[in-house]
Amino acid sequence: EYVEDFYYSLGHLFAARPVLSLVPLAVVLTWALGQLGGLTMMTKPSKLWVAQGTPSIWQADFVTERFGAQRHEVMIITTKVPGGDVLFPEALEEAAAVEAQLRSMTFEKDGARATLNDVCSRVQCRSPDASEEETTCLFQSPLKYWRADSYRSDPDLYATVSNLAAKDECGIPILRKTVLGGLQTDGHGRVLSATSLMVAILLEAQPLAQARAFEYGFLDVAARANAKARYVQVSYMAQVSQDEEVARLASADVPLLVGSYVMMIVYVVFALWGGNRTRSHVLLGLTGVALVICSIIVMLGLTVLLDVPFTPVSTQVLPFLLLGIGVDNIFILSNTYISRVRDPRCAALPEAELVGTVLAQVGPTITLTSTATTLAFAVGSLSVMPAVKYFCQQCVLGFAVNLLFQLTVFSVAIAADIRRVRARRLDIVPCATSCVRDDGA
């Protein structure tokens, strides 16, 4: 009884004084929209799927702090024929062309410019022809078996790569298994064939903007080389590739999200269309869907305020979850209201009292179910997995805001719909009055 009285008073209050909910809604929504500029998307896999503070994270941070972070860029070159031998001059020439671009080009991204020499990790080098030491980039490539383009005139490419004592221009031994893949050798260790070549570059992580600029250039050069190559196929991956793929997946479901909301709007139209232009309640249902969208916006503002990172899991799941649960509660409230407003015994009730009876009947139910769902996700927010923890925290905020809007702002919408029906105004276009009686005459 006390619970019903509370919800009756709640519905009566907001229906009688709509300014108490509409003004705070406008203020909070405006504030939340202003916060969206500070929304951050966490895409780094090690920050999403590895529990922070564990020994593996601590050890990685320890090594990075003392020895510096490095970034790896890898390119695998194979023939157009799957499993085919890649040790022939034309394939090596196309690989050399890609290398030449990477060594000579300047890449730009987001205002940062970088060449390979700007960002590569370097080692001390003294070539046999030089009298003094110099530094050179750590550039691992099978083409180091040959000086310049001598592979073109090499009478036996297989004998060259079979030489275990081979060294690059700095006198550093070439590790055959790190530059040649799919090796086939005879009993004496002589190479018979290789199905892939690997080019690997080691970059310094700082300055990060320059390193990322080179990586994007690396990906672009590799992609264009793969498109133009006649003899080889180029597969590639940069350190930035994983982050970019996670970020891409985060926005990949945007069309699906828009489509789901459109489908829900269509469903609301059919479900709440009463067959009569004045006794239909489509506009009320659409208001409920709009409140779900508002609750998502406010939830995003709160995540920025509370410094809860947004993740791909959030973007792909949370909008659908809030839409489903939010619209479910909207239908419960709407159907209860429709049954009351069509009941002759309620015809003389003022709008505020009618809204109070609706909320007294179903308010405890939707509060109980929403609270149970919120508590379940609150427990999930204790997870040590960052992606799960952040997602559950955002769910808690979203469900709480959603419920608050349904009990307050939607009560105002119900009261407005009661006035529209009693004034015989049209649904969707409430400024117009119907001249048709409820019985169709």
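These numbers come from a predicted model, not from an experiment. (Residues numbered from 1 in each chain as written. Predicted model: local features only at pLDDT ≥ 70, side-chain atom pairs only at ≥ 80, totals over all residues. Heavy atoms only, no water.)

Asker: Explanation requested: the overall build of the protein chain in the structure shown.
Answerer: Counting secondary structure elements, the protein chain contains 15 helices and 11 strands. For 441 residues, the compact-globule estimate of 2.2 N^0.38 gives 22 Å, and the C-alpha radius of gyration of the protein chain, at 33 Å, exceeds that figure by more than 25%. Projected onto its principal axes, the C-alpha positions of the protein chain cover 105 × 50 × 45 Å. Of all 441 residues assigned to the protein chain, the portion counted as buried reaches 43%. Accessible area of the protein chain: about 22500 Å², with a carbon and sulfur share of 61%. (Helix = DSSP H or I, 4+ residues; strand = E, 2+ residues; numbered from the N terminus. Rg over C-alpha atoms; globule rule 2.2 N^0.38 Å. Buried < 20%, exposed > 50% of the residue type's maximum accessible area, 1.4 Å probe, protein only. Areas by Shrake-Rupley, 256 points an atom, 1.4 Å probe, with all protein chains shown as cover.)

Asker: For this particular structure, what's the right way to read the environment of Thr 195?
Answerer: Take Thr 195: it is sitting in the loop between strand S9 (191–193) and strand S10 (196–204). You can call Thr 195 partly exposed: its relative accessible area is 26%. Thr 195 sits 184 residues away from Gly 11 along the chain, and the two C-alpha atoms are 73 Å apart. In this structure, Thr 195 is in contact with Ile 77, Thr 78, Thr 79, Gly 83, Gly 84, Val 86, Gly 181 and Gly 182, ignoring residues within four places of it in sequence. (Contact = heavy atoms within 4.5 Å.)

Asker: I keep staring at the state of the cysteines and nothing clicks. Help me out?
Answerer: Such a bond, covalent and formed between the sulfur atoms of two cysteines, is termed a disulfide. By the definition in use, this model includes 1 disulfide. Across the disulfide, Cys 120 is cross-linked to Cys 137 (sulfur-sulfur distance 1.9 Å). Handedness of the Cys 120-Cys 137 disulfide follows from its S-S torsion of about -60°: it is left-handed. One end of the pair, Cys 120, is in the loop between helix H6 (116–119) and strand S4 (122–125); the other, Cys 137, is in strand S5 (residues 134–137), with 17 residues separating them in the sequence. Of the two residues examined, Cys 120 and Cys 137, each falls in the buried class. Cys 294 takes part in no disulfide bond, and the closest cysteine sulfur, belonging to Cys 395, lies 19 Å away. (Disulfide = S-S within 2.5 Å.)

Asker: Could you clarify how one ought to interpret the packing of aromatic side chains in this entry?
Answerer: Geometrically, a pair of aromatic rings is defined through the distance of the ring centres and the angle of the planes. Counted under the stated rule, the structure contains 8 aromatic pairs. Aromatic side chains Trp 146 and Tyr 151 sit 6.4 Å apart centroid to centroid with 80° between the ring planes, which places their arrangement in the edge-to-face category. When its relative accessible area of 6% is taken as the criterion, Trp 146 is described as buried. Considering the side-chain rings of Tyr 267 and Phe 331, the 5.4 Å spacing of their centres and the 70° angle between planes classify their relative orientation as edge-to-face. A residue pair is termed long-range when its members are at least 10 positions apart, and Tyr 267 in helix H11 (residues 254–272) and Phe 331 in helix H13 (residues 312–341) qualify at 64 residues. (Phe/Tyr/Trp six-rings, centres within 6.5 Å; stacked < 30°, edge-to-face > 60°.)

Asker: I'm lost on the environment of Ala 376 in this one. Help?
Answerer: For Ala 376, the position within the fold is in helix H14 (residues 351–380). The exposure class of Ala 376 is partly exposed, given its relative accessible area of 48%. Separated by 30 residues in the primary sequence, Ala 376 and Gln 406 place their C-alpha atoms 20 Å from one another.

Asker: Sorry if this is basic, but what is going on with a nonpolar patch on the surface here?
Answerer: Among the surface-exposed residues, Val 254, Val 258, Val 262, Ile 265, Val 266, Val 269 and Phe 270 lie close enough to one another that they form a single nonpolar patch of about 590 Å² accessible area. Since its relative accessible area comes to 31%, Val 269 is described here as partly exposed. (Patch = residues over 30% accessible without salt bridge, like charges linked within 9 Å, V, L, I, M, F, W, Y side chains within 5 Å. Salt bridge = Lys/Arg side-chain N within 4 Å of Asp/Glu carboxyl O.)

Asker: What exactly am I supposed to notice about the environment of Gly 363 here?
Answerer: Along the chain, the position of Gly 363 falls in helix H14. Residues Gly 363 and Gln 406, spaced 43 residues apart in sequence, show a C-alpha to C-alpha distance of 9.3 Å. When near neighbours in sequence (up to four residues on either side) are disregarded, Gly 363 contacts Tyr 7 and Val 358.

Asker: I would appreciate a short explanation of the pattern of salt bridges in the present structure.
Answerer: Pairing between side chains of opposite charge can happen when their charged atoms approach one another. For the structure shown, the criterion picks out 9 salt bridges. Measuring nitrogen to oxygen at the nearest pair gives 3.9 Å for the salt bridge that ties Asp 168 to Lys 144. Residue Asp 168 is located in the loop between helix H7 (157–162) and helix H8 (176–179), and its partner Lys 144 is located in the loop between strand S6 (139–140) and H7; the two are separated by 24 residues in the primary sequence. Exposure class is identical for Asp 168 and Lys 144. Each is buried. One network of salt bridges, in which partners are shared, links Glu 351, Arg 419 and Arg 422.

Asker: Teacher, can you tell me more about the side chain of Ser 193 here?
Answerer: Here Ser 193 is to be found in strand S9. With a relative accessible area of 18%, Ser 193 lands in the buried category. Those residues within four positions of Ser 193 in sequence are excluded, and the remaining contacts are Asp 85, Tyr 158, Gly 182, Leu 183 and Gln 184.

Asker: Honestly, the packing of H13 against helix H15 (residues 386–422) in this entry has me stumped. Any pointers?
Answerer: To describe two helices that pack against each other, one gives the angle between their axes and the distance between the axes. Look at H13 against H15: their axes get within 9 Å of each other, and the N-to-C directions meet at 30°. Comparing their axes, H15 and H13 come out roughly parallel. In this structure, the crossing between H13 and H15 has a hand that is right-handed. For the contact of H13 with H15, a count of residues per class yields 17 nonpolar, 8 polar and 1 charged. (Axes fitted to C-alpha atoms, helices over the stretch in contact; angles between N-to-C directions. Parallel < 35°, antiparallel > 145°, perpendicular 65-115°, else oblique. Left-handed = near helix turned anticlockwise from the far one by under 90°. Nonpolar A, V, L, I, M, F, W, Y, C, P; charged D, E, K, R; others polar.)

Asker: Teacher, can you tell me more about H13 here?
Answerer: For an α-helix, 3.6 residues make a turn, and residues three or four places apart therefore share a direction. Taking 1.5 Å of rise per residue, 30 residues should cover 44 Å, and H13 covers 43 Å from first to last C-alpha, within 8% of that figure. A bend of about 35° at Leu 318 is the largest found in H13, and the proline Pro 319 appears one to four places after it. (Expected span 1.5 Å × (residues − 1). Bend = angle between axes of the 7 residues up to and from the residue.)

Asker: I would appreciate a short explanation of H11 in the present structure.
Answerer: The end-to-end C-alpha distance of H11 is 27 Å, a good match for the 27 Å that 19 residues give at a rise of 1.5 Å each. Its buried side turned inward, H11 meets helix H12 (282–305) and H13.

Asker: Looking at this structure, how should I read the packing of H12 against H13?
Answerer: Viewed as axis vectors pointing N to C, H12 and H13 meet at an angle of 145°, and their least axial separation amounts to 9 Å. As H12 runs across H13, the sense of the crossing is right-handed. Contacts between H12 and H13 involve Leu 284, Gly 288, Val 289, Val 292, Ile 296 and Met 299 from the first element and Leu 318, Pro 319, Leu 322, Leu 323, Gly 326, Val 327, Ile 330, Ser 334 and Tyr 337 from the second. By residue class, the composition of the contact of H12 with H13 is 12 nonpolar, 3 polar and no charged.

Asker: In this structure, what is going on with the side chain of Asn 402? I would like to understand it.
Answerer: Note on placement: Asn 402 falls in helix H15. What Asn 402 contacts, discounting residues up to four positions off in sequence, is Val 292, Ser 295, Leu 322 and Gly 326.

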